[in-house]
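As a plain string of letters, each chain reads:
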Amino acid sequence: MPWVFVLIWSTGFVVARYAMPHAPPLGFLSLRFALSVLCFLVWVALVRAVWPAGRDQWMHLAVSGVLMHAGYLGGVWSAVKLGIGAGTVALLVGLQPVLTAFWLTTTTSGQARATRREWLGLLLGLVGLALVLGGKFGIGEVTPWNLSLAVLALLSITIGTLYQKRFVAPCDVRTANCVQLLAALAVSLPFAWFEDEAMRWHPELIGALAWSVLVLSLGGSSLLYLLIQRGAATQVASLLYLVPPCTALLAWLLFGESFTATMLLGLVITVAGVAMVVKAPAAPPQ
């Protein structure tokens with residue numbers, strides 16, 4: 001299941017590159033969320049899945065859904081719309097394991113602290129990211145605006161993962177995803193009304209929409225929910241540091257995204273740094 005999740009999650013950035021020349025980001029995502037909800041409702045009705053119990057559970061699912069779908073996807077797809085490459089945004093969002101590990105090591109019962117290995121991993125990750133972004137800024141791919149949107153996506157997926165692990169009780173993955181996507185739709189749709197661009201029903205857009213609904217929402221989101229539910233937050237986050245190299249390879253093969261030797265070195269350094277943070281041994285209590 002983890003390896004399938006990594007492959008599916010990596011295609012999300014590629015699909016954004018296919019779709020964004022033909023549609024506004026939030027309008028596309030609102031349609032994706034709506035169609036995904038309909039599919040989940042059919043699935044739930046067929047198997048008679050149990051809905052979450054209690055108002056608090058619905059509220060927690062809604063908050064995590066807004067963060068992990070509306071905030072994360074809205075940031076990624078808007079950044080891609082404004083010109084950032086699929087591989088670059090995947091690398092930025094791939095810093096999630098670092099943020100997750102540092103949050104947990106500095107907040108667990110007030111006793112844990114970041115180790116030297118974790119600080120070194122963070123430093124390596126930032127150095128590698130600077131190498132990649134430096135080249136992207138030089139060719140105009142990365143701008144302050146699309147970089148800010150990518151950072152918004154990074155913060156949303158990090159906080160959303162931690163929030164879900166902390167507050168969402170185990171429940172049926174189909175009904176849980178349905179609630180999360182409904183909340184994401186409620187937040188995304190009002191913003192979509194302010195987008196001026198109309199959808200152009202190009203074959204690439206139709207294919208991207210079908211893949212987004214059937215594979216990414218029904219498959220990828222369900223796998224992410226199960227992984228968070230069954231494993232520790234850092235273990236789930238550790239899977240995501242495999243996404244940037246997969247996405248960079250796909251983007252190079254499909255779109256010919258430029259990737260110099262310096263950028264490749266930066267990618268390797270960043271992935272190594274993230275791996276050091278996630279796999280670092282726990283610090284002794286103070």
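The structure we're discussing is the one just above.
What counts and how
Residues numbered from 1 in each chain as written. Predicted model: local features only at pLDDT ≥ 70, side-chain atom pairs only at ≥ 80, totals over all residues. Heavy atoms only, no water. Helix = DSSP H or I, 4+ residues; strand = E, 2+ residues; numbered from the N terminus. Contact = heavy atoms within 4.5 Å. Areas by Shrake-Rupley, 256 points an atom, 1.4 Å probe, with all protein chains shown as cover. Salt bridge = Lys/Arg side-chain N within 4 Å of Asp/Glu carboxyl O. Buried < 20%, exposed > 50% of the residue type's maximum accessible area, 1.4 Å probe, protein only. Axes fitted to C-alpha atoms, helices over the stretch in contact; angles between N-to-C directions. Parallel < 35°, antiparallel > 145°, perpendicular 65-115°, else oblique. Left-handed = near helix turned anticlockwise from the far one by under 90°. Nonpolar A, V, L, I, M, F, W, Y, C, P; charged D, E, K, R; others polar. Phe/Tyr/Trp six-rings, centres within 6.5 Å; stacked < 30°, edge-to-face > 60°. Core = buried A, V, L, I, M, F, W, Y, C linked by side-chain atoms within 4.5 Å.

Chemist: Tell me what's going on with the overall build of the chain, and back it up with residues and numbers.
Modeler: When its secondary structure is counted, the chain shows twelve helices and zero strands. Start at the N end of the chain and walk to the C end: the helices and strands fall as α-α-α-α-α-α-α-α-α-α-α-α. For the chain, the proportion of contacts with a sequence separation of at least 24, taken over those separated by at least 6, is 90%. About 12900 Å² of surface is accessible on the chain, with carbon and sulfur atoms providing 72% of the total.

Chemist: A description of the side chain of Ser78 should follow, citing residues and the corresponding values.
Modeler: Within the secondary structure layout, Ser78 lies in helix H3 (residues 55-81). In contact with Ser78, not counting residues within four places along its chain, are Pro25, Leu73 and Leu149.

Chemist: Go over the pattern of salt bridges, please, and point to the residues and values.
Modeler: All told, the structure shown has three salt bridges when counted by the stated rule. Among the ionic pairs, Asp172 bridges to Arg174, the shortest N-O distance being 2.6 Å. Salt-bridge contacts for Glu197 lead to Arg200; the nearest nitrogen and oxygen are separated by 3.1 Å. Here Glu197 falls in the partly exposed class, since its relative accessible area comes to 27%. By sharing partners, the salt bridges in this structure join Lys81, Glu197 and Arg200 into a single network.

Chemist: So, the side chain of Thr11: which residues are in play, and what are the values?
Modeler: Take Thr11: it is sitting in helix H1 (residues 2-19). Residue Thr11 is classed as buried on the basis of its relative accessible area of 16%. When near neighbours in sequence (up to four residues on either side) are disregarded, Thr11 contacts Trp211 and Leu216.

Chemist: Give a description of helix H4 (residues 86-93) that names residues and reports values.
Modeler: By the criterion of burial, H4 is predominantly enclosed, with eight of the eight residues buried. Every buried residue of H4 is accounted for by Ala86, Gly87, Thr88, Val89, Ala90, Leu91, Leu92 and Val93.

Chemist: Quick rundown of the packing of helix H2 (residues 25-47) against H3? Include the residues and the values.
Modeler: Between H2 and H3, whose axes approach to 9 Å, the crossing angle comes to 140°. Classified by the angle their axes make, H2 and H3 are oblique. Note that H2 runs across H3; the crossing there is right-handed. From H2, Pro25, Leu26, Phe28, Leu29, Arg32 and Phe33 reach across to H3, where they touch His69, Ala70, Leu73, Gly74, Trp77, Ser78 and Lys81. Its residues placed into classes, the contact of H2 with H3 shows eight nonpolar, three polar and two charged.

Chemist: Give a detailed account of unusual backbone geometry, specifying residues and quantitative values.
Modeler: One non-glycine residue, Arg48, lies in positive phi territory at about 55°. Residue position: Arg48 is located in the loop between H2 and H3.

Chemist: Any details on the packing of aromatic side chains? Residues and values, ideally.
Modeler: Aromatic rings considered in pairs are described by the distance between their centres and by the relative angle of their planes. Scanning the model with the defined rule gives five aromatic pairs in all. Measuring from centroid to centroid gives 5.8 Å for Trp51 and Trp58, while their planes differ by 20°, and the two rings are stacked. Residue Trp58 is classed as partly exposed on the basis of its relative accessible area, which comes to 36%. For the pair Tyr163 and Phe167, a centre-to-centre distance of 4.6 Å together with 40° between the ring planes defines the contact as tilted. One end of the pair, Tyr163, and the other, Phe167, are both in helix H7 (residues 144-167), four residues apart, so they sit about a helical turn from each other.

Chemist: Break down the packing of H4 against helix H11 (residues 243-255) for me, citing the residues and quoting the values.
Modeler: For any two helices packed against each other, one specifies the crossing angle of their axes together with the interaxial distance. For the pair H4 and H11, interaxial distance at closest approach is 8 Å and the crossing angle is 175°. With respect to H11, the axis of H4 lies roughly antiparallel. Between H4 and H11, the residues in contact are Ala86, Gly87, Ala90 and Leu91 and Pro244, Thr247, Ala248 and Ala251, respectively. For the contact of H4 with H11, a count of residues per class yields six nonpolar, two polar and no charged.

Chemist: Which residues make up the nonpolar core, and what values do they have?
Modeler: One finds Phe13, Phe28, Tyr72, Val76, Trp77 and Val89 to be the most contacted residues of the largest nonpolar core, which totals 62 residues. Broken down by element, the residue count for this core peaks at nine residues, all from helix H9 (residues 203-230). Grouped together as the second largest cluster of nonpolar side chains are eight residues, Cys171, Val173, Ala176 and Leu226 included.

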